Amino acid sequence: MDFTLNEEQRDFQQTLRRFVDREIVPVASEWERTGRYPTEIVEHLKQLGLFGLTTPEEYGGLALDMVSFTLVYEEIARGWMGIAGILGSHGLSAWMIAKHGTQEQKDRFLPKLATGEWRTGVGLTEPGAGTDLQGIATTAVRDGDHYVVNGTKTWITNARHADVLPVLVKTDPKAEPRHRGMSLLLVDTSSEGFEVSRDLGKLGYKGTESCEISLVDVRVPVGDLLGGVEGLGMKQALSGLEIGRLNIAGRSVGVAQAAYDAALKYAGEREAFGHPIAEFQAIALKLAEMATQLQAARLLTYWAASQADAGKRVDAESGMAKVFASETALTLSLESMRIHGGYGYSTEFVVERLYRDAPLMAIGEGTNDVLRTVIAKSLVSGATVVG
């Protein structure tokens, strides 16, 4: 039993850490406050090859193992969670194309996505359908050698920068069960009728945009049906979300680490009654509990990722990691704020941003309450065994 990263993973982690400390940490808070899009950081991500995280090597990608995959999101979210979002949606889309796409689709899309020359995201959520994806209303009607798509998608990351966007649609609205009538179409965002209708205001998760998009009689070639077979869209999307939860767990660990680091540093520097506040038992116990939860979240995340690397389905494992790590990020960001006292509420310190960023991870890629039911079903069925 080995709980350590291998040499290649450690070197990769150190490269990421140096990049984050040099390029992201110094500008994150100011750029977030001013609403500045992180163009320069995105260019550096391209240079590091990070847009090819999930793309096979034959298409120019890094084809990272899942532990290294989570390290990327941990380290980048430690600096600025919004940057991790730019990579997250792109990587999820590229992974679905690599896993489910036809050979022609892989050849056409993956080389450009791997370098970041083309950008992408994922169009799943709708104003009336989030967790219940089977409730989507967007339709795609076959018309000769095209589908005609109509509908609205919301909370779409990278919407304003995407060149191609996988969009979940109903190709057969009357199918029962409903998921058999759902498909993913690779939509060219320059198509007539495709419009980014508005940007959504957010509590946190800034740096990247989250948008609502409308599709009005958008014509999509039949050849851009992901995998070339109708009715597989729900299955394809859920397989992507399975690894997406490792992404969210990694981000959560990164936010939790930043919150802990800030608390430990502040507690060692801030004095009260002639002593650093870290010497007071109430603060010391908080720090001990924070460190324990942080390390537990990290190890659970790496374990889930290692199970994926072993070729296993990780619905329950990635769900466990995502639930525990995101709850840890919520707890540690609040505890760090409490240790900072009034300064924790100030925009001059990083803690208030971490406190605003953390809640997204408890919601994204499946709410924690829904994921608990997924975990429970896997346990009851015997698919997942603990102990």
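Quick caveat: nothing in here was measured; it's all calculated off a predicted structure. (Residues numbered from 1 in each chain as written. Predicted model: local features only at pLDDT ≥ 70, side-chain atom pairs only at ≥ 80, totals over all residues. Heavy atoms only, no water.)

Think of an α-helix as turning once every 3.6 residues; residues three or four places apart then point the same way. The buried count for helix α10 (residues 351–361) comes to eight of eleven residues, which makes it a mostly enclosed element. Residues V351, E352, R353, L354, R356, D357, A358 and M361 constitute the buried set of α10. On the buried face of α10, the contacting elements are α2 (28–34), α4 (66–79), α5 (81–100), α7 (233–269), α9 (315–340) and α11 (368–381). (Buried < 20%, exposed > 50% of the residue type's maximum accessible area, 1.4 Å probe, protein only. Helix = DSSP H or I, 4+ residues; strand = E, 2+ residues; numbered from the N terminus. Contact = heavy atoms within 4.5 Å.)

This part is about the packing of α4 against α5. Where α4 meets α5, the axes come as close as 6 Å, and the angle between the chain directions of the two elements is 145°. Contacts between α4 and α5 pair V72, Y73, I76, A77 and G79 from the former with M81, I83, A84, L87 and G88 from the latter. Here the residues of the contact of α4 with α5 are counted per class, giving eight nonpolar, two polar and no charged. (Axes fitted to C-alpha atoms, helices over the stretch in contact; angles between N-to-C directions. Nonpolar A, V, L, I, M, F, W, Y, C, P; charged D, E, K, R; others polar.)

Moving on, we get to the UniProt feature "domain: Acyl-CoA dehydrogenase/oxidase C-terminal" (unreviewed entry) in the protein chain. If you check UniProt for "domain: Acyl-CoA dehydrogenase/oxidase C-terminal" (unreviewed entry), the listed places come out as residues 233–379 in our numbering. Within the segment residues 233–379, helix and strand shares are 78% and 3% respectively, and the terminal C-alpha atoms sit 26 Å apart. (UniProt positions renumbered as here; feature names shortened; annotations may be inferred.)

As enumerated under the stated definition, the model contains one cavity of 30 Å³ or more in all. Estimates place the volume of the largest cavity at around 40 Å³. For the largest cavity, the full set of lining residues is T54, F69, G88, G91, L92, I243, G244 and N247. When residues of the lining of the largest cavity are sorted by domain, at least three fall in each of domain 1 (7–115) and domain 3 (235–381). (1 Å grid on protein atoms, 1.4 Å probe; cavity = no way out; pocket = protein on both sides within 12 Å on 5 of 7 lines; lining within 4 Å. Points joined across faces, edges and corners; volume = space filled by probe spheres on them. Domains from an automatic or database assignment.)

Attention shifts here to a nonpolar patch on the surface. Nonpolar side chains collect at one region of the surface, where M1, F3 and L299 lie side by side and expose about 410 Å² of accessible area between them. Relative to the assigned elements, F3 resides in the segment before α1 (7–24). Judged by its relative accessible area of 57%, F3 is exposed. (Patch = residues over 30% accessible without salt bridge, like charges linked within 9 Å, V, L, I, M, F, W, Y side chains within 5 Å. Areas by Shrake-Rupley, 256 points an atom, 1.4 Å probe, with all protein chains shown as cover. Salt bridge = Lys/Arg side-chain N within 4 Å of Asp/Glu carboxyl O.)

Mapped onto the secondary structure, R119 falls in the loop between α6 (103–115) and β1 (139–143). Of the buried charged residues, R119 lacks a salt bridge, with E209 as the closest side chain of opposite charge at 5.8 Å. For R119, the side chain forms a polar contact with the side chain of Y37, separated by 2.8 Å. Contact partners of R119, with chain neighbours within four places excluded, come to Y37, V42, F51, I86, H90, L113, N158, H161, A162, D163 and V164. (Lys, Arg positive; Asp, Glu negative; His and termini not counted. Polar contact = N/O pair within 3.5 Å; in protein donor to acceptor, adjacent residues only side chain to side chain.)

Further remarks concern the side chain of S239. Along the chain, S239 turns up in helix α7. According to the relative accessible area criterion, S239 is buried, its value standing at 13%. Reaching out from S239, the side chain makes a polar contact with the side chain of H100 at a distance of 2.7 Å. Not counting chain neighbours up to four residues away, the residues in contact with S239 comprise W95 and H100.

Within strand β3 (residues 164–170), seven of the seven residues are buried, leaving the element largely enclosed by the surrounding structure. Of the two faces of β3, the one holding V164, P166, L168 and K170 and the one holding L165, V167 and V169 are both buried throughout. In this sheet, strand β4 (residues 182–188) lies alongside β3 in antiparallel orientation, the contact comprising seven bridges. Bridge assignment links V169 to a residue of β4, and that residue is S183. (Pairing = 2+ DSSP bridges.)

Turning our eyes to something else, we now look at the domain arrangement of the protein chain. For the protein chain, the domain assignment lists domain 1 (7–115), domain 2 (139–231) and domain 3 (235–381). Of note, the centres of domain 1 and domain 3, computed from C-alpha atoms alone, are 20 Å apart. The three residues of domain 1 that bury the most area against domain 3 are M66, E74 and M81, which together make up 26% of that side's buried surface. The interface formed by domain 1 and domain 3 includes two salt bridges. Among the salt bridges present, the one from R298 reaches E74, with a minimum N-O distance of 2.9 Å. One can count ten residue pairs in polar contact (both at pLDDT 80 or more) joining domain 1 with domain 3. Counting residues per element, the ones that place at least two in the side of domain 1 that touches domain 3 are α2, α4 and α5. Element by element, the count of residues in the side of domain 1 that touches domain 3 is highest for α4, at ten residues. Among the residues forming the side of domain 1 that touches domain 3, the class breakdown is 13 nonpolar, seven polar and five charged. (Buried area = accessible area lost by both parts, 1.4 Å probe.)

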